[in-house]
Every structure is written in C-alpha cells, then in structure tokens.
Amino acid sequence: MAADDPIEPSSADGGAAPRRTRVVLGEAAARRRPADRARADLAEQTPVGEALVKGLVRAQLALALRLALVVVIALGALPLLFAVAPGVAGVKVLGVYLPWLLLGLLSFPFLIGVGWAYVRWAERNEQDFIALIRRPEQ
Amino acid sequence: MNPYLVPGLIVVILVTVGIGVYGLRFARTTSDFLVASRSVSPAWNAAAISGEYLSAASFLGVAGLILRYGVDVLWYPVGFAAGYLALLLFVAAPLRRSGAFTLPDFCQVRLGSPLLRGLASVFVVFIGCLYLVPQLQGAGLTFTTVTGGSYAWGALLVGVVVTANVALGGMRAITFVQAFQYWLKLTALAVPVIFLALQWQSDGRPPVTPEAGATFQVATTVVIEQDATVDGIPVEKGQQLTFAAGDPVPPVSTVDARFSADWLLPGDDGTLFATYSLILATFLGTMGLPHVLVRFYTNPDGASARRTTLVVLGLVGTFYLLPTLYGVLGRIYTPQLLMTGRTDAVVLLLPEAALGGGHLGRLLGALVTAGALAAFLSTSSGLLTSVAGVVFTDVLRAGRSGSIRDFRLATVLAACLPVLLSLYVSNMDVSRVVGLAFAVAASSFCPLLVLGIWWRRLTDVGAIAGVLAGGGASMAAVLITVLGPPLHGWPADAVGQPAAWTVPLAFLVMVVGSLLTSRRVPADVGATMLRLHAPEALRV
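Predicted model only: the values in this text are computed from it and were never measured. (Residues numbered from 1 in each chain as written. Chains lettered and ligands numbered in written order. Predicted model: local features only at pLDDT ≥ 70, side-chain atom pairs only at ≥ 80, totals over all residues. Heavy atoms only, no water.)

**Some words on the overall build of chain B**
The secondary structure content of chain B amounts to 21 helices and 4 strands. With 540 residues in all, chain B has 64% of them scored as buried. Counting only contacts in chain B whose residues sit at least 6 apart along the sequence, the fraction spanning at least 24 positions is 82%. Of the accessible surface of chain B, which amounts to about 18,400 Å², a share of 67% is contributed by carbon and sulfur atoms. (Helix = DSSP H or I, 4+ residues; strand = E, 2+ residues; numbered from the N terminus. Buried < 20%, exposed > 50% of the residue type's maximum accessible area, 1.4 Å probe, protein only. Contact = heavy atoms within 4.5 Å. Areas by Shrake-Rupley, 256 points an atom, 1.4 Å probe, with all protein chains shown as cover.)

So, in structure tokens, the structure goes:
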C-alpha cells in the first residue's frame, strides 16, 4: 500500500476539499512501490530509461551546486575578507558599519533571491524531463 | 510585577490548548497524528514550519549573543536562515518524493538497512533531546526574569504543557498551533521594536558604543551574587555597587563579553575557525533536524515542498531582521546585563528598560514575553512530536497495530530525559547549546541525506561508517562541552565548535566506505533514484 493510495473515498459531492488520505507510519518502510505502468516503463527501460533519469539527476545537482557555489563565494568569503582586510570592515555606509549591513540586513534578501531562482530553474528542468518522456507517446 | 503579564501568558496558553483541542476533532488515525494526513496547504505549512523553527534560541538567544559579542555572532541568524536554502537546494523535493515520514524511514527506503535505521533513530533522539533542553532552559530563564520565581518551575511548566498538547492533539493540531505562533512571534518582536526605535530617536540617538564603552543610562545599584573581580577590583558575595548615570559598565571576571568599541567590528584571526565552523554547522545542520524534516512530509508533492521551503526562507529571513536590533538597542538601554551575564534576557527586559515602567512599556513587555512563551511551546511541540514518532515506531515497535495510546506513551517517554537535563544545565547560553545540536545534525544526517539523494554508489556500510565517524565525533564533542571540564587553546575551539572538522570527516568516511564496499550498492537504486527525482506528473 502506498502513501498516496486513497483508502477513504472522497466525499460524494466530488470533493472540492482536498481528499483525506490515510497513511500508516510503520508501512512506509516495508511497502513496495505500486505497480504503475508509466513508471515501470521508465524504470525498466534499461539503458535508455536509466540514462534519462541520470540526466535529470545530473541537471538538478548541477543547478543546486552552482547556486550553492554562489552563496559560498558571496557569504563564505566574508569572514576571511574581514580578517584579511580589516579596513573593509571599518567602512561605514549610511552611518552603519559594513559588516552589520551585509550580515544583519542584506544577507536575507540575497538568500531568498537565490532560493527563488532555484525553484524556477528546478521546475523548468522537471518540465523539460516530462516533455522528453512524453514525446514518444504523442 | 508587570500587571499585563499573567493575562498575556494565560491567553497564549489558552489559545494554544484551544487550537490543540479544536484540532483533536480531526485527528482520528495514526497518520492524522503524525503527518496531518498530508492535507495542509503550503501557506499554512510554511507558517507552521517557521513557527516550529523559531525557537527560544532565535527569539531570546540571538539578541543576547549580539549584545554580548557583537557583529561576529550575526552568523547565527544568517546561518539559521541559510540552512533553509541548503535544505531547498539539496533535500526538499526528493525527500518529499521518497515518501518516508522520518529520517529512519528515509534510511530504510534508500538503503534498506535495519542497522542504519536503528542508528538513525538513536541520532534523532539524541539531537531532539539536545535541542529540547535549550527550549526548556529558555522557559526557565524567562520565568525567573519576569516573575522572580524559580528556574526549575518555569522549565517544568512548559515541559508539561507541551507534553500534554502533543499527546492529546498530535501533529494535526500542531500545524495550526504553530502557524498561529509564527505570526505571534513576529508581532511580539516587530511591534515593540517600532516603539523602541522611536524612543531612541527622541532620546537624541545615543551612540551604541560611546568612546568609553557601554555606559549606564540611569543610576543603577548592583548586588554581587558571587565572588568575582569587577574592573580589576575583587568583590565579595552580598556586596552592593552603585553606578551613576553615564558611568561605564565595568568588565566582570566571571562574564565573557566584549566591552569596548571593537564590539562593532569583526574579531581577529583567532575567531576565524569558530566562525567557519558555525557557518558550516548552521548552513548544513538545519536539514538534519528531526522536527524540520518531518514537516516536509505534510506537503502534497515535491514541487509544493520546494515552494513551501522558499516561503519559509522568506518568513524566517523577515523574522531574523529583528533580534539584531534588540541586541544593539540592549547595548544602550540594558548594559547591566553585561555585568550579570544574563544576556539572554535582553529581549524580555528591553521594552520596560527603554520605555519606562508606564503602561506602554509594560504592555510591550508582556507582548514580548508572550512571544517568548510561544517560541518555547512551538519548537518543543514540534521536536517532541518527531522524537515521539521515532520512539513510537522504532522503540515501541508499534507498526500497523500502533494505537494512539501507544503514541501518547511514546510522547511521555520522549519528554522525560530533556526535562531532567534542562534542570541540570541551567547556566549555558541558549544559542550555544542549539549550535551544538546543529553541529551534530550537520555531521550525521546532512551527509546521509545529501549523498543518499544525489549519489548512486552510496552503500549501507559506508553510510553507517560515516554517521558513526562524523556524528559520533560531534556527539563526543557535545558531551565534553556540556559535562566535561573547561578547555583552553585550540582544543577548546575544536571541541566547542566541532562542525568544521566533523562534517568533512563524515562526508569523507561515507564516500570512502561506500567505494570500498561497492558490491553492496542496492539493486533497486535506479528505481529509487527515479522515485526521488522524477516529477509526480509521471507517476499517474
């Protein structure tokens, strides 16, 4: 039994409300994947299917690593910069020392911006993958 | 005592229990208790995750550390927020698609090893307890600060309320409780800060660091509670010192803090290792916290897990703008905390200290205290739910036949140890203990999750070796820090902030161990990878 299998049928009115599904904790570990044709095809298409999935994983990982590198370079270099060039830390912008401004204020919008870019591009990668899988059927 | 305080705290507890009881009407099955039947909308879910995450460490501890150490500790809030970015980039969607509920479940799904599952359970319980302790500690501190009562009663009171709430309502109710508590916490810091900033303006913008260091705003009398050296002069217990307005705050030998104007500037090279260690622990530790992960299973699919995480990043980032302001203003209005060392109380004391004992100051003081209470309640509820979930499944072995009564028993079992521990470690910085929990999570679950999700050649033997090496080393460092003797020199840095060496160690051992046992790669790794990464649209 899978977590997504509806056990309790949705309400008779067609269910505008989200369907309640029943999941049982101990079974998450023991259960097998459901026999699902589309997925089984993809899983059993030996070299081709495998290559497709590897391509998707590689694309998503490359995206995540690239954005992580952006954060590591932008934020991770700051302690070193302040230690190597103490003059930079003493610069005042609008009456506030630069480290306070960078860490206390600007780092948060920066992190959100990187996250927003990731969600956008990761979803595009997935759509490309879906298009690739579905093309032969059309 | 502040007359608005008791009504404010009673309202928070009543609303929390009220929403919990309301949620009980919907909680019928075990799954309702553990993952809210996966029918929670992303907006609710994101507010609930943020509400659960913003703990006593964020609400009280960060401002206290900034008051004490200055700009160097701004890495705590930045790291606490950046942890969600790491979670978003490497873990959120695949983890949701794995269909597991808890970290031990993920181990079973990905590597099928009961031994690894057991090991993961041990770490969930350890991290959960380690993280619960500072919450109860913060509760005890708040209780002492605002009522003058004993520390132990405050810790016990919050412990009992949380245990009852989790045992009665489970997670379904917790989702709504925590969403409410996020907004309460944000309001409780944001509204007073507006008045504090106006007060600072009307006081003629007193400088944060006067030439002579921090100074007393008003005449202050201090009673010495233990033998120490104040400004180089020995003082004895029971002695009274009086300071006039404008006098500098003297350094006290028993309190570690930065007093002069260098508070505004980053520390010298000596702190570089500790800073990077902290960055590594907080950036990578968030994904390994048990109460954070369990929330992701309540998303309907991988894409919504990603969007939820992004909203969480926004909510948490907004919140973390505020504690910094409290720390800075505390330097002006509550400098006596630098003498007593109780800097964690700065958020609670600042409104009355800056705005005076009138109605406005007291009202805002009560609001802040209510927010602090919400912080302990929400984080400890979430932690307790996830620790109880693991105890329920892996210790009581209550699988299919597990009843709600067993879950309640698991909750009570899981609550005992942290409550006892919190009575024992009353004098540690709240944020420091939390930092240690992050270090253990970053050195055990982070490599397991990241390699498990992205690297096909991970084997069960490699994973077990890596978790034992990295997690074991950081666990030992935590135990030495909390229970052992004080250390000096480089061992103090390496043990006090272990992440900089334990995280790379865990990754290294895991990769080498897996490569050496490459024949043990699970046969169904291709299917598992497909399940983790393929969009749900392909499954129908």
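That covers the picture; the talk isn't over yet.
**Considerations on the overall build of chain A**
A tally of regular secondary structure across chain A gives 5 helices and 2 strands. Start at the N end of chain A and walk to the C end: the helices and strands fall as α-α-α-α-β-β-α. Counting only residues that meet the buried cut, chain A has 36% of its 138 residues in that class. If you take every contact in chain A between residues at least 6 apart in sequence, the share linking residues at least 24 apart comes to 59%. Carbon and sulfur atoms form 62% of the exposed surface of chain A, whose accessible area is close to 8,200 Å².

**Description of the packing of helix α14 (residues 346-355) of chain B against helix α15 (residues 359-395) of chain B**
All names here are of chain B. Viewed as axis vectors pointing N to C, α14 and α15 meet at an angle of 170°, and their least axial separation amounts to 8 Å. Classed by the angle they form, the pair α14 and α15 counts as roughly antiparallel. Within the contact between the two elements, α14 uses Val347, Leu348, Pro351, Glu352 and Leu355 and α15 uses Leu360, Gly361, Arg362, Leu364, Gly365, Val368, Thr369 and Ala372. When the residues that make up the contact of α14 with α15 are grouped by side-chain class, the tally is 8 nonpolar, 3 polar and 2 charged. (Axes fitted to C-alpha atoms, helices over the stretch in contact; angles between N-to-C directions. Parallel < 35°, antiparallel > 145°, perpendicular 65-115°, else oblique. Nonpolar A, V, L, I, M, F, W, Y, C, P; charged D, E, K, R; others polar.)

**Description of the confidence of the model for chain A**
Residues and elements named next belong to chain A. With 64% of its residues at a pLDDT of at least 70, chain A reaches an overall mean of 73. Helix α1 (residues 27-30) is the least confidently modelled element of chain A, averaging 51 in pLDDT, while helix α5 (residues 98-134) averages 88, the highest of any element. Low pLDDT (under 50) marks residues 1-15, which in the prediction has 17 contacts with non-local residues, meaning those over four places away or in another chain. Here residues 32-38 scores under 50 on pLDDT; set against residues more than four positions off or in separate chains, the count is 10 contacts. (pLDDT = per-residue confidence, 0-100.)

**Some points on the environment of Ala64 of chain A**
Within the element layout of this structure, Ala64 of chain A appears in helix α3 (residues 46-84). Here Ala64 of chain A falls in the buried class, since its relative accessible area comes to 0%. In the structure, Ala64 of chain A is positioned 58 residues away from Ala122 of chain A in sequence and 8.5 Å away in space, judged by C-alpha atoms. Not counting residues up to four positions away in its chain, the partners in contact with Ala64 of chain A are Tyr118 of chain A together with Leu89 and Phe90 of chain B.

**Side note on the pattern of salt bridges**
Inspection of every chain in the model, using the stated rule, returns 5 salt bridges over all chains. Measuring nitrogen to oxygen at the nearest pair gives 2.9 Å for the salt bridge that ties Arg97 of chain B to Glu126 of chain A. Here Arg97 of chain B is found in helix α6 (residues 92-98), whereas its partner Glu126 of chain A is found in helix α5 on a different chain. For the pair formed by Arg97 of chain B and Glu126 of chain A, the shared burial category is buried. Note that Asp460 of chain B is salt-bridged to Arg520 of chain B, the shortest N-O span being 2.8 Å. (Salt bridge = Lys/Arg side-chain N within 4 Å of Asp/Glu carboxyl O.)

**Details of helix α8 (residues 114-147) of chain B**
With 34 residues, α8 of chain B extends 49 Å from end C-alpha to end C-alpha; this agrees with the ideal 50 Å at 1.5 Å per step. With 25 of its 34 residues buried, α8 of chain B lies for the most part within the structure. (Expected span 1.5 Å × (residues − 1).)

**Here we look at the layout of surface pockets**
Within this model, the second largest pocket holds a volume of roughly 890 Å³. Around the second largest pocket, the lining comprises 27 residues; the ones closest to its centre are Gly95 and Val96 of chain A together with Val208, Leu325 and Val328 of chain B. Only β1 (92-93), β2 (96-97) and α5 of chain A together with α9 (151-202) and α12 (302-333) of chain B provide two or more residues apiece to the lining of the second largest pocket. Split by residue class, the lining of the second largest pocket holds 21 nonpolar, 4 polar and 2 charged. (1 Å grid on protein atoms, 1.4 Å probe; cavity = no way out; pocket = protein on both sides within 12 Å on 5 of 7 lines; lining within 4 Å. Points joined across faces, edges and corners; volume = space filled by probe spheres on them.)

**Some words on the packing of aromatic side chains**
Tallied over the entire structure, the rule returns 10 aromatic pairs over all chains. Look at Phe108 of chain A and Tyr320 of chain B: their rings are 6.4 Å apart centre to centre, the planes differ by 20°, and that puts the pair in the stacked class. Of the two residues, Phe108 of chain A sits in helix α5 while Tyr320 of chain B sits in helix α12, which places them in two different chains. Exposure remark for Phe108 of chain A: the relative accessible area of 3% places this residue in the buried category. When the ring of Phe123 of chain B is compared with that of Phe445 of chain B, the centres are 6.4 Å apart and the planes differ by 80°; the resulting orientation is edge-to-face. With Phe123 of chain B in helix α8 and Phe445 of chain B in helix α17 (residues 430-454), this pair connects stretches of sequence that are 322 residues apart. What links up through ring pairs into an aromatic cluster is the set Phe108 of chain A together with Phe59, Tyr76, Phe80, Tyr131, Phe319, Tyr320 and Phe438 of chain B. (Phe/Tyr/Trp six-rings, centres within 6.5 Å; stacked < 30°, edge-to-face > 60°.)

**Structural notes on helix α16 (residues 404-424) of chain B**
In an α-helix, one full turn covers 3.6 residues, which means residues spaced three or four apart are oriented alike. For α16 of chain B, with 21 residues, the first-to-last C-alpha span of 32 Å sits near the 30 Å given by 1.5 Å per residue. All of the buried residues in α16 of chain B are Phe407, Ala410, Thr411, Ala414, Ala415, Pro418, Val419 and Ser422 of chain B.

**A closer look at the state of the cysteines**
Working definition: the covalent bond between the sulfur atoms of two cysteines is a disulfide. On inspection of all chains with the given rule, the structure shows 0 disulfides over all chains. The thiol of Cys416 of chain B is unpaired, and the distance to the nearest cysteine sulfur, on Cys129 of chain B, comes to 10.0 Å. (Disulfide = S-S within 2.5 Å.)

**What about the side chain of Gln497 of chain B?**
Position of Gln497 of chain B among the secondary structure elements: in the loop between α19 (490-496) and α20 (499-516). Ignoring any residue separated from it by four or fewer positions in sequence, one finds Gln497 of chain B in contact with Tyr76, Phe273, Ala274, Ser277, Leu278 and Ala492 of chain B.

**Considerations on the environment of Leu265 of chain B**
Residue and element names in this part refer to chain B. By secondary structure assignment, the location of Leu265 is in the loop between β4 (240-243) and α10 (272-285). Under the relative-accessibility criterion, Leu265 is labelled partly exposed at 29%. Separated by 193 residues in sequence, Leu265 and Asp72 place their C-alpha atoms 7.8 Å apart.

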